[in-house]
Amino acid sequence: MTMNHHKIVELEEGWDFMQKGIAKLKRILEGLPESHFSSEEYMMLYTTIYNMCTQKPPHDYSQALYEKYGDAFEEYISSTVLPSLREKHDEYMLRELVKRWANHKIMVRWLSRFFNYLDRYFIARRSLAPLNEVGLTRFREQVYQEVKGKVRDAVITLIDQEREGEQIDRSLLKHVLDIFVEIGMGQMECYEEDFEDNMLKDSSSYYSRKASNWIVEDSCPDYMLKAEECLKKEKDRVSHYLHSSSEQKLVEKVQNELLVVYGTQLLEKEHSGCHALLRDDKVEDISRMYRLFCKIPKGLDPVANIFKQHVTAEGTALVQQAEDAASNKAESSVGSQEQVFVRKVIELHDKYMAYVTDCFGNHSLFHKALKEAFEVFCNKQVSGCSSAELLASFCDNILKKGGSEKLTDEAIEDTLDKVVKLLAYISDKDLFAEFYRKKLSRRLLFDKSANDDHERLILTKLKQQCGGQFTSKMEGMVMDLTLARENQNHFEEYLKNNASANPGIDLTVTVLTTGFWPSYKSSDLGLPAEMVKCVEIFKEFYETKTKHRKLTWIYSLGTCNINGKFEPKTIELIVGTYQAAALVLFNASDRLSYSEIKTQLNLADEDLVRLLQSLSCAKYRILNKEPNTKAVTPNDSFEFNSKFTDRMRRIRIPLPPVDERKKVVEDVDKDRRYAIDASIVRIMKSRKVLGHQQLVMECVEQLSRMFKPDFKAIKKRIEDLITRDYLERDKENPNLYRYLA
Amino acid sequence: MRRSSSRKGQTNSTASNNSSAVDLFRSASGKAASKELERIDSLFYSYANNSSGMIEPEGIENLCLDLEVDHTDVRILMLAWKMKAEKQGYFTLEEWRRGLKGLRADTINKLKKTLPDLETEVKRPSNFVDFYAFAFRYCLTEEKQKSIDIESICQLLDLVLGSHFRAQVDYFVDYLRTQTDYKVINMDQWMGFYRFCNEISFPDLSNYNAELAWPLVLDNFVEWIKAKQ
């Protein structure tokens with residue numbers, strides 16, 4: 001670098017020159033008429049500094065100039081800026097501050113350009129604050145520190161005024177708050193400590209005051225509307241003039257004052273709180289409640305709780321309704337009340353599921369609440385019937401011919417879908433399976449099933465929900481029927497091809513696989529000769545197909561079409577096999593006593609009474625009974641009623657159905673004992689040693705898919721297994737069991 | 001090899017040093033022991049049935065008469081325990097020997113005199129559990145039998161625990177006779193009751209927890225008591 005042999009610029013001389021420039025700058029800032037700096041002027045100023053800094057010592061004035069640079073600000077601030085600020089207040093003060101700050105930044109920009117050379121070498125060498133920083137720091141220390149309190153208060157006052165509905169100058173506030181941010185020079189400290197903290201405190205007390213009034217005066221929906229509105233406005237405020245980092249903190253404070261503090265009071269408001277809103281189906285208000293409370297930690301818990309209580313109450317009311325209706329009506333129409341009940345439960349479920357998805361944002365907390373509510377009342381009994389039975393009856397009604405529900409295919413599919421979903425809430429699923437199976441067998445065997453596709457559909461749905469094991473037997477039953485039809489075709493062909501095999505009567509046999517179907521007691525019915533022949537012939541046929549299966553005949557499930565040759569006219573009677581066997585006896589004798597019939601038919605009293613009653617004391621008197629009392633007793637005698645007639649040419653005389661409930665419950669209890677045994681053994685086999693409580697817990701879990709075993713039942717099975725040497729109690733610890741291999 | 005033989009030699013030499021004393025003692029105790037055994041055996045045969053070679057119920061009755069103890073007295077049961085007798089109403093020679101040797105009694109009088117000591121021994125906590133379990137097993141008469149009928153259990157409880165836990169036994173016996181769920185009691189339930197008496201405060205039953213592994217019959221028993229209160 002070539003040495004500039006120029007005259008040494010003395011400090012005083014140089015500074016005088018700079019002062020002129022600075023003065024010019026000040027005048028510009030004050031708005032006084034003054035021309036802008038020309039590039040020449042700028043250059044001169046810059047060069048003066050340059051020269052003074054590059055001169056050899058003792059004329060190297062870098063240090064002094066650095067100090068004077070700072071002093072220049074100080075001087076200007078003390079003489080001009082501060083006085084002008086001090087004389088103004090409130091909004092005027094804010095405006096002045098904004099102006100002064102803008103000016104200051106300009107001043108810093110220009111002066112640091114003039115003094116730029118210092119920034120390049122001197123500052124770096126001495127690790128000093130750069131010019132920009134020096135300039136801004138001066139403002140901060142002289143102006144900002146003094147006025148920050150007043151500024152803050154003025155801003156907060158304006159904010160509160162805006163909250164009260166007044167119009168304020170938002171851009172002014174934005175500029176003021178920008179100062180707080182910028183003055184931090186990269187850190188948010190100034191903004192946060194000198195403004196935000198107080199603003200938040202003030203906001204809290206503002207909303208605290210408001211909330212304490214609103215909570216008393218307003219209904220829950222109105223309060224929530226206001227709360228929602230306030231939150232919206234505060235967010236708006238942030239986006240317009242507060243710093244974005246304030247949003248979360250401010251919203252939290254507002255939420256705290258409005259919703260957390262008064263949350264319980266709000267939700268529990270007597271006539272307009274959560275409970276009332278649910279009761280009155282105020283969907284919009286409920287949705288708002290969800291929106292507001294989901295932002296608060298654990299805010300939804302009380303809402304979900306009230307929801308659960310409400311649904312439980314509604315469901316329990318339905319149960320009570322059904323109970324009351326059932327006790328008022330006659331026995332025969334009890335069935336329809338139960339249908340109505342299931343329908344209503346489905347509707348209730350639809351309604352509140354919609355709430356969960358639409359109002360409660362499909363939140364898992366509300367799904368859980370709904371589930372728990374339904375589990376409470378879905379397991380209550382209605383007039384002695386378990387919900388499992390009710391549900392099975394309901395399905396039966398939909399699936400059978402002539403059921404009380406007349407629905408379109410789509411409606412049926414939809415209903416079946418909903419029924420299966422309800423099953424999830426019922427703890428005695430195995431009981432449902434057993435009732436369903438019983439009714440399914442009746443539908444299949446007596447050709448009462450309305451639609452094969454629907455039967456298959458519900459089985460598919462049940463399988464999806466409860467697993468293959470749940471439906472395997474039922475599927476087997478449906479399959480059996482299909483096979484049986486095929487088999488019947490083969491049988492008819494066999495008959496055609498074998499002239500010697502002639503039953504003399506049209507015979508249809510349905511072969512069932514024992515394991516799939518409910519257990520039926522077979523009886524050694526005394527068959528009339530005609531039927532005996534049929535049975536023999538079928539047996540021969542069946543043996544041509546397979547030699548490894550044993551046929552057990554269940555006559556109680558058979559139907560018979562038999563011609564009654566009455567004097568007025570012949571009428572075809574459609575009766576059960578038992579009834580037919582009884583009637584055929586009267587071909588040989590005119591009059592038979594109860595005991596004679598019993599001997600011939602070889603039936604138990606309860607079956608015999610039922611069947612004779614259906615023929616002599618019911619709608620159609622095929623037999624005359626002596627004495628003509630209402631019920632059959634062992635002392636009665638019977639005669640063929642040759643005078644019987646009816647306008648129809650063919651009549652059906654069904655046997656009244658036996659109450660299967662007791663048997664089903666017994667069967668299920670038996671299966672449960674086995675299931676518990678198997679589960680205990682399974683668990684102990686793998687764990688080898690396990691404590692009592694844990695064993696019980698794991699057992700309950702394993703079996704929960706099908707039923708809820710009670711602790712006593714499990715204990716009983718454990719004790720039984722101990723007696724059978726599967727387990728033993730530990731010698732030291734009686735609460736511990738060991739598996740005995 | 002040499003070592004062991006020298007060891008042997010050493011022992012021998014020690015013995016030979018005190019030879020006279022040890023020998024005397026040995027021969028004396030040996031003689032006494034065989035004498036004792038002789039008396040025990042002859043006492044046995046005085047009650048035993050000649051054809052079966054065992055003391056049978058009749059013999060036991062005679063024994064009881066001689067001991068001046070009723071044959072339903074718990075001390076006979078205790079005696080059976082001491083003998084580790086297997087079959088109720090019968091004592092084999094081996095069992096007899098075991099019992100009397102253990103009691104150091106070789107005459108009827110000595111046996112009579114040791115009965116109080118036997119009681120004390122049985123009542124010691126370490127022995128009582130064993131005795132209690134023995135009492136149950138002793139009553140199983142048939143080969144594959146695993147449980148005892150209610151009435152016998154009631155009597156056995158009274159006999160074995162009556163002095164210790166009067167109140168619990170009375171209540172439990174009352175319950176057993178009233179309820180219809182159980183016709184027999186098995187070993188597990190039997191032992192459970194003893195544990196119950198020891199651990200559960202009675203009659204308030206405040207520390208009874210049905211969720212633990214107490215036998216179900218005791219859960220029902222507790223419920224029955226609470227219903228009465």
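Cut-offs and rules
Residues numbered from 1 in each chain as written. Chains lettered and ligands numbered in written order. Predicted model: local features only at pLDDT ≥ 70, side-chain atom pairs only at ≥ 80, totals over all residues. Heavy atoms only, no water. Helix = DSSP H or I, 4+ residues; strand = E, 2+ residues; numbered from the N terminus. Buried < 20%, exposed > 50% of the residue type's maximum accessible area, 1.4 Å probe, protein only. Areas by Shrake-Rupley, 256 points an atom, 1.4 Å probe, with all protein chains shown as cover. Core = buried A, V, L, I, M, F, W, Y, C linked by side-chain atoms within 4.5 Å. Contact = heavy atoms within 4.5 Å. Phe/Tyr/Trp six-rings, centres within 6.5 Å; stacked < 30°, edge-to-face > 60°. Lys NZ or Arg CZ within 6 Å of the ring centre and 35° of its normal. Expected span 1.5 Å × (residues − 1). Bend = angle between axes of the 7 residues up to and from the residue. 1 Å grid on protein atoms, 1.4 Å probe; cavity = no way out; pocket = protein on both sides within 12 Å on 5 of 7 lines; lining within 4 Å. Points joined across faces, edges and corners; volume = space filled by probe spheres on them. Nonpolar A, V, L, I, M, F, W, Y, C, P; charged D, E, K, R; others polar. Buried area = accessible area lost by both parts, 1.4 Å probe. Salt bridge = Lys/Arg side-chain N within 4 Å of Asp/Glu carboxyl O. Polar contact = N/O pair within 3.5 Å; in protein donor to acceptor, adjacent residues only side chain to side chain. Arc of directions from axis to C-beta. Axes fitted to C-alpha atoms, helices over the stretch in contact; angles between N-to-C directions. Parallel < 35°, antiparallel > 145°, perpendicular 65-115°, else oblique. Left-handed = near helix turned anticlockwise from the far one by under 90°. Pairing = 2+ DSSP bridges.

K.L.:
What should I look at first to understand the overall build of chain B in this one?
P.N.:
When you go through chain B residue by residue, the secondary structure sums to 11 helices and two strands. Reading chain B from its N end, one meets helices and strands in the order α-α-α-α-α-α-α-β-α-α-β-α-α. Taken over 229 residues, chain B has a buried fraction of 41%. Accessible surface, chain B: about 13300 Å² in total, of which carbon and sulfur atoms supply 50%.

K.L.:
Before we go on, may I ask you to explain the nonpolar core in this structure?
P.N.:
A general tendency of soluble globular proteins is for nonpolar side chains to be buried together. In this structure, Phe115 and Phe307 of chain A are the most contacted members of the largest nonpolar core, which totals 157 residues. The element contributing the most residues to this core is helix H6 (residues 131-163) of chain A, with 13 residues. Excluding residues that lie within four positions of it along the chain, Phe115 of chain A makes contacts with Trp15, Met18, Ile49, Leu65, Tyr69 and Leu131 of chain A. Ranked by size, the runner-up nonpolar core spans 72 residues in total, among them Cys139, Phe172, Phe193 and Tyr194 of chain B.

K.L.:
How do you make sense of the packing of aromatic side chains when you look at a structure like this?
P.N.:
The description of two aromatic rings rests on the distance between their centres and on the angle between their planes. Per the counting criterion, the structure on display carries 62 aromatic pairs over all chains. Ring plane angle 35 degrees and centroid distance 5.1 Å describe the contact between Phe374 of chain A and Tyr425 of chain A, whose orientation is recorded as tilted. Within this pair, whereas Phe374 of chain A is found in helix H16 (residues 364-377), its partner Tyr425 of chain A is found in the loop between helix H18 (409-423) and helix H19 (429-445), the two being separated by 51 residues in sequence. When its relative accessible area of 10% is taken as the criterion, Tyr425 of chain A is described as buried. Ring-pair connections join several aromatic residues into one group, and the members of that group are Tyr171, Phe172, Tyr175, Phe193, Phe196, Phe202, Tyr208, Trp214, Phe221 and Trp224 of chain B. In this structure, Arg113 of chain A packs its charged tip against the face of Trp110 of chain A, placed 5.1 Å from the ring centre.

K.L.:
What is the right way to look at H6 of chain A in this model?
P.N.:
Structurally, the α-helix is built with 3.6 residues per turn, so residues lying three or four positions apart point the same way. All names here are of chain A. The end-to-end C-alpha distance of H6, which contains 33 residues, comes to just 41 Å, noticeably less than the 48 Å that a straight helix rising 1.5 Å per residue would cover. Of all the bends in H6, the greatest measures close to 50 degrees and is centred on Tyr144. Following H6 by one or two positions, Gly165 adopts a phi angle in the positive range, close to 110 degrees.

K.L.:
How should the side chain of Asp430 of chain A be read in this particular structure?
P.N.:
Mapping Asp430 of chain A onto the fold places it in helix H19. Setting aside chain neighbours within four positions, we find Asp430 of chain A in contact with Val668, Arg672, Met706 and Phe707 of chain A.

K.L.:
For this particular structure, what's the right way to read the layout of surface pockets?
P.N.:
Think of a ball as big as a water molecule: rolled over the atoms, this probe shows where empty space is left. Volume-wise, the second largest pocket comes out at about 920 Å³. Around the second largest pocket sit 29 residues that line it, and Arg729 and Lys731 of chain A together with Met187, Asp188 and Met191 of chain B are the ones nearest its centre. Here the element with the most residues in the lining of the second largest pocket is helix H10 (residues 187-199) of chain B; it accounts for eight residues. A breakdown of the residues in the lining of the second largest pocket according to their chemical character gives 12 nonpolar, five polar and 12 charged.

K.L.:
Can you help me understand the environment of Asp667 of chain A in this one?
P.N.:
Residue and element names in this part refer to chain A. Checked against the element boundaries, Asp667 lands in helix H26 (residues 661-687). Classification of Asp667 as buried rests on a relative accessible area of 13%. Distance from Asp667 to Pro518, taken between C-alpha atoms, is 9.5 Å for residues 149 residues apart in sequence. Leaving out residues up to four positions away in the same chain, Asp667 has contacts with Lys438 and Ser519.

K.L.:
Just checking my understanding: could you explain unusual backbone geometry for this structure?
P.N.:
Comment: phi is negative for the bulk of residues other than glycine, and the bulk of peptide bonds are trans. Put simply, Pro57 of chain A and Pro58 of chain A share a cis peptide bond, and its omega is 5 degrees. Summarising the element assignment, Pro58 of chain A is placed in the loop between helix H2 (39-54) and helix H3 (62-86). That bond from Phe202 of chain B to Pro203 of chain B is cis: its omega, 0 degrees, falls within 30 degrees of zero. Notably, Arg104 of chain B is not glycine yet its phi reads approximately 55 degrees, a positive angle. Turning to its location among the elements, Arg104 of chain B is positioned in the loop between helix H5 (93-103) and helix H6 (108-123).

K.L.:
So what exactly am I meant to see when it comes to the environment of Glu133 of chain A here?
P.N.:
By the secondary structure assignment, Glu133 of chain A is in helix H6. Given a relative accessible area of 37%, Glu133 of chain A falls into the partly exposed group.

K.L.:
What is the right way to look at the interface of chain A and chain B in this model?
P.N.:
Many descriptions give the size of an interface as the accessible area lost when the pieces come together. Listed as interface residues are 14 residues of chain A and, on the opposing side, 15 residues of chain B. Buried area between chain A and chain B, both sides added, is near 1300 Å², and the carbon and sulfur share of it is 45%. Three residues stand out in chain A for area buried against chain B, namely Lys712, Lys715 and Glu719 of chain A, and they jointly supply 38% of the buried area on that side. A salt bridge links Asp219 of chain B to Lys715 of chain A, with the shortest nitrogen-to-oxygen separation between them at 2.4 Å. In this structure, the connection of chain A to chain B is made through 15 residue pairs in polar contact (both at pLDDT 80 or more).

K.L.:
In this structure, what is going on with H18 of chain A? I would like to understand it.
P.N.:
All names here are of chain A. Taking 1.5 Å as the rise per residue, H18 with 15 residues should run 21 Å; its terminal C-alpha atoms sit 21 Å apart, in good agreement. Taken residue by residue, H18 has Ile412, Thr415, Leu416, Val419, Val420, Leu422 and Leu423 as its buried positions. Down the axis of H18, the sector holding all buried residues measures 155 degrees, keeping them to one side.

K.L.:
Any chance you could explain the packing of helix H8 (residues 150-161) of chain B against H10 of chain B here in plain terms?
P.N.:
The axes of two packed helices give the description: the angle between them and the distance between them. Residues and elements named next belong to chain B. Where H8 contacts H10, the axes come no closer than 12 Å and their chain directions differ by 40 degrees. Here H8 lies oblique to H10, going by the angle between them. H10 is crossed by H8, and the crossing has right-handed handedness. Of the residues in H10, those in contact with Ile153, Leu156, Leu157 and Leu161 of H8 are Trp190, Phe193, Tyr194 and Cys197. Across the contact of H8 with H10, the residue classes break down as eight nonpolar, no polar and no charged.

K.L.:
Even after reading the chapter, I still don't get the sheet that holds strand E8 (residues 727-729) of chain A, so can you show me in this structure?
P.N.:
Within a sheet, neighbouring strands are paired by backbone hydrogen bonds and run either parallel or antiparallel to one another. All names here are of chain A. Strand order in this open sheet of three strands is E7-E9-E8, and the pairing throughout is antiparallel. Two strands lie at the open edges of the sheet, namely strand E7 (689-691) and E8, each paired on one side alone. Taking the axes of each pair of neighbouring strands and ignoring which way they run, one obtains an average angle of 30 degrees across the sheet.

So yeah, pure geometry; function would need other evidence.
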